[in-house]
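Now for the letters of each chain:
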Amino acid sequence: MKKTKHDWSRVDAMTDEQVLAAALADPDAQPLTPERMARMQRTPPVRVIRRALNLSQQEFAARYHIPIGTLRDWEQSRKDPDAAARAYLRAIAGDPDGVRKALRAGPR
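Please read these numbers as outputs of a predicted model, since none were measured by experiment.

Each helix and strand in the protein was counted, giving eight helices and zero strands. Reading the secondary structure of the protein in the N-to-C direction produces α-α-α-α-α-α-α-α. Radius of gyration (C-alpha) of the protein: 20 Å, far over the 13 Å computed for a compact globule of 108 residues. A buried classification covers 19% of the 108 residues belonging to the protein. Of the accessible surface of the protein, which amounts to about 8,700 Å², a share of 54% is contributed by carbon and sulfur atoms. In the protein, which carries 20 positive and 14 negative side-chain charges, the distance between the mean positions of the two groups comes to 10 Å.

This is the structure in structure tokens:
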């Protein structure tokens, strides 16, 4: 059996009600309310965005200044984009030409 850093025997010894109560007592692991779900924005998978723009991986990476290895890692689910990258991908999905123009304009 593979060892983990968690002591699952403690969880196994709890009833379902005790597990639920312990989970709800954790302020960092609260269930999503319908209101919070409505405010959440799902980032389209980067492959979907890229294909909608009819771009190869190389073209997409170059156009939007994303390292090709990072793009491949995202598309092949080896890594997930962090919060800033997800926001950037949402911007690309929402206004690909605007993002492209902003990148060409450079810093002011």
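In this section: the nonpolar core. By size, the foremost hydrophobic cluster in this structure holds 13 residues, and its most contacted members are Phe60, Tyr64, Leu71, Trp74, Leu89 and Ile92. Of all the secondary structure elements, the ones that give two or more residues to this core are helix 4 (46–52), helix 5 (57–63), helix 6 (68–75) and helix 7 (83–94). Among the elements that take part in this core, helix 7 stands out by supplying three residues, more than any other.

Glancing now at the packing of aromatic side chains. As enumerated under the stated definition, the model contains one aromatic pair in all. Look at phenylalanine 60 and tyrosine 64: their rings are 5.0 Å apart centre to centre, the planes differ by 55°, and that puts the pair in the tilted class. For the pair phenylalanine 60 and tyrosine 64, one class covers both residues: buried.

In this section: the pattern of salt bridges. Where charged atoms from two side chains of opposite charge approach closely, those side chains can pair. As enumerated under the stated definition, the model contains three salt bridges in all. The partner of glutamate 75 in a salt bridge is arginine 50, and the shortest N-O contact between them spans 2.6 Å. Of this pair, glutamate 75 sits in helix 6 while arginine 50 sits in helix 4; the two residues are 25 residues apart in sequence, bridging distant segments of the chain. Judged on exposure class, the residue glutamate 75 and its partner arginine 50 are both buried. One continuous salt-bridge network, built from bridges that share partners, spans Arg47, Arg50 and Glu75.

Now for helix 7. Along its twelve residues, helix 7 runs 16 Å from first to last C-alpha, staying within 8% of the 16 Å computed at 1.5 Å per residue. Buried residues of helix 7: Ala85, Leu89 and Ile92, and no others. One side of helix 7 carries all its buried residues, which in axial view fall inside an arc of 60°. Turned more than 90 degrees off the buried face of helix 7, the exposed positions are Ala84 and Gly94. Tucked into the core, helix 7 has its buried residues touching helix 4, helix 5, helix 6 and helix 8 (96–105). You can read the cap of helix 7 off the contacts: a side-chain oxygen lies 3.3 Å from the backbone nitrogen of alanine 84, and it is on aspartate 82.

Procedures and definitions
- Residues numbered from 1 in each chain as written.
- Predicted model: local features only at pLDDT ≥ 70, side-chain atom pairs only at ≥ 80, totals over all residues.
- Heavy atoms only, no water.
- Helix = DSSP H or I, 4+ residues; strand = E, 2+ residues; numbered from the N terminus.
- Rg over C-alpha atoms; globule rule 2.2 N^0.38 Å.
- Buried < 20%, exposed > 50% of the residue type's maximum accessible area, 1.4 Å probe, protein only.
- Areas by Shrake-Rupley, 256 points an atom, 1.4 Å probe, with all protein chains shown as cover.
- Lys, Arg positive; Asp, Glu negative; His and termini not counted.
- Charge placed at Lys NZ, Arg CZ, Asp CG, Glu CD.
- Core = buried A, V, L, I, M, F, W, Y, C linked by side-chain atoms within 4.5 Å.
- Phe/Tyr/Trp six-rings, centres within 6.5 Å; stacked < 30°, edge-to-face > 60°.
- Salt bridge = Lys/Arg side-chain N within 4 Å of Asp/Glu carboxyl O.
- Expected span 1.5 Å × (residues − 1).
- Arc of directions from axis to C-beta.
- Contact = heavy atoms within 4.5 Å.
- Polar contact = N/O pair within 3.5 Å; in protein donor to acceptor, adjacent residues only side chain to side chain.

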